[in-house]
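Coordinate analysis (summary)
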Amino acid sequence: MNLIGTKIQTLRKNKNMTQTQLAEVLSVSPQSVSKWENHLSVPDISLLPVIARYFGITMDELFNYRLNALNYRERFIRFMADNGVLQFGEFTLQSGRVSPYFINTGNYKSASQLSKLGEFYAECIRENNVETNLLVGNTHQEIPIMLSTSMVLFNRYGIDIHYNIDGTVGKQLDANDRVTLIKDTLTSGNTLRTSLQHLESEAGQRVSHVIVSVDRMERSNGSGLSARSQIEKAFGVKIHAIATLDDIIRAMEKGIIGGADYLDAVKRYREVYGADENGDR
């Protein structure tokens, strides 16, 4: 039972909550939360399902059971949901489209989250047999992810890879580099196009691969092609996503994450705005 205290502390910190804030949510005293986390007591059994529901996990996970049956895409989707990154509701996107789900990467705020993100990006690189000698990050959101990914590749897999930040920090780019660009969510692809154009015009460097966290699989206005397919054809690059909207829908159907009330809305959104082709990852 002492493992529950450690698990609660980890979940609380991932949400950037204080012990007092969690105590208010659970209608207990801050001292009670402190005692749980310091293994001086355990939550009342009636509170366990409440704690699990609040953090969006199962009772098995609360007791530190590892869901080894999940593939890494499913684990990533669960990771996003647990950390408030994958959200359901009504969100107006920059495109003007109203979406029933949103990927709020601004909720990645802690070292533990960043470390885990690096693990998922590294798994995507290895699963897709991406041959690269240089990781590039060129926005303030993606530079930390790129650095975390490079450290995971070295510490876990022994792959000592170079990195470059905005063409100025790290290894200088040259024509022999096999460049992999680290990005976050792919929606319209405008940000990605800008990054690829910048690398080509400023550094004379073509990118071989792009790794994104989520491909929303949306088509551009007036086109049946996805943003991914359009960019791959325009720049001769291969884009790999840790997860796609179809993966998220399957995770909702299988009960891996919550949001069942929004499942039909997400499917309708996919039908209205989704690309015609399936596309590989």
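The structure displayed is predicted, hence computed values, not measured ones.

**So, the side chain of Glu37**
Note on placement: Glu37 falls in helix H3 (residues 30-37). Within the structure, the side chain of Glu37 is placed 2.7 Å from the side chain of Arg12, a separation counted as a polar contact. Here Glu37 is in contact with Gly5, Ile8, Gln9, Arg12 and Gln19, once residues within four sequence places are set aside.

**Remarks on the pattern of salt bridges**
All chains considered together, the criterion is met by 20 salt bridges. Note that Asp247 is salt-bridged to Arg73, the shortest N-O span being 4.0 Å. You can see Asp247 sitting in helix H11 (residues 245-253) and its partner Arg73 sitting in helix H6 (residues 72-82), a full 174 residues away along the chain. In this structure, the salt-bridge partner of Glu119 is Lys116, at a minimum N-O distance of 3.2 Å. Residue Glu119 and its partner Lys116 are located together in helix H7 (residues 111-127), separated by three residues, close to a single helical turn. Given the relative accessible area of 30%, Lys116 is considered partly exposed. Beyond isolated ion pairs, a larger network of salt bridges with shared partners links Arg73, Glu127, Asp247 and Arg250.

**What to know about the pairing of strand S4 (residues 162-165)**
The side chains of a regular strand alternate between both faces of the sheet. In the sheet, strand S3 (residues 134-137) pairs with S4 via four bridges, with the strands oriented parallel. Within S4, the position partnered with Leu135 by the bridge is Tyr163. Two elements, S4 and strand S5 (residues 169-170), share two bridges in a ladder whose sense is antiparallel. For Asn164, the partnering residue across the bridge sits in S5 and is Gly170. Between S4 and S5, which pair antiparallel in sequence order, lie three residues; one of them, Asp166, sits at a positive phi of approximately 55 degrees.

**Focus: unusual backbone geometry**
Unlike most non-glycine residues, Ser27 shows phi in positive territory, near 60 degrees. Counting through the fold element by element, Ser27 comes out in the loop between helix H2 (19-26) and H3. Assessed through its relative accessible area of 68%, Ser27 is described here as exposed. One non-glycine residue, Met217, adopts positive backbone phi at about 60 degrees.

**Re the packing of H2 against helix H4 (residues 48-55)**
Think of two packed helices as two axes; the pair is described by the angle between the axes and how far apart they sit. For the pair H2 and H4, the least separation of the axes is 11 Å and the interaxial angle reads 115 degrees. Where H2 crosses over H4, the two elements pack in a sense that is right-handed. Counting all contacts with H2, which are made through Leu22, Val25 and Leu26, the residues of H4 involved are Val50, Ile51, Tyr54 and Phe55. Counted by class, the contact of H2 with H4 contains seven nonpolar, no polar and no charged residues.

**Things to note about the environment of Ser112**
One can find Ser112 in helix H7. Between the C-alpha atoms of Ser112 and Tyr54, which are 58 residues apart in sequence, the distance is 19 Å.

**Thoughts on the side chain of Glu232**
Mapped onto the elements of the fold, Glu232 is located in helix H10 (residues 227-235). A distance of 2.9 Å separates the side chain of Glu232 from the backbone nitrogen of Ile239, its partner in a polar contact. Not counting chain neighbours up to four residues away, the residues in contact with Glu232 comprise Val237, Lys238 and Ile239.

Here is what the cut-offs are and how they apply
Residues numbered from 1 in each chain as written. Predicted model: local features only at pLDDT ≥ 70, side-chain atom pairs only at ≥ 80, totals over all residues. Heavy atoms only, no water. Helix = DSSP H or I, 4+ residues; strand = E, 2+ residues; numbered from the N terminus. Polar contact = N/O pair within 3.5 Å; in protein donor to acceptor, adjacent residues only side chain to side chain. Contact = heavy atoms within 4.5 Å. Salt bridge = Lys/Arg side-chain N within 4 Å of Asp/Glu carboxyl O. Buried < 20%, exposed > 50% of the residue type's maximum accessible area, 1.4 Å probe, protein only. Pairing = 2+ DSSP bridges. Axes fitted to C-alpha atoms, helices over the stretch in contact; angles between N-to-C directions. Left-handed = near helix turned anticlockwise from the far one by under 90°. Nonpolar A, V, L, I, M, F, W, Y, C, P; charged D, E, K, R; others polar.

Everything listed here is a matter of coordinates, which is why it stays silent on function.
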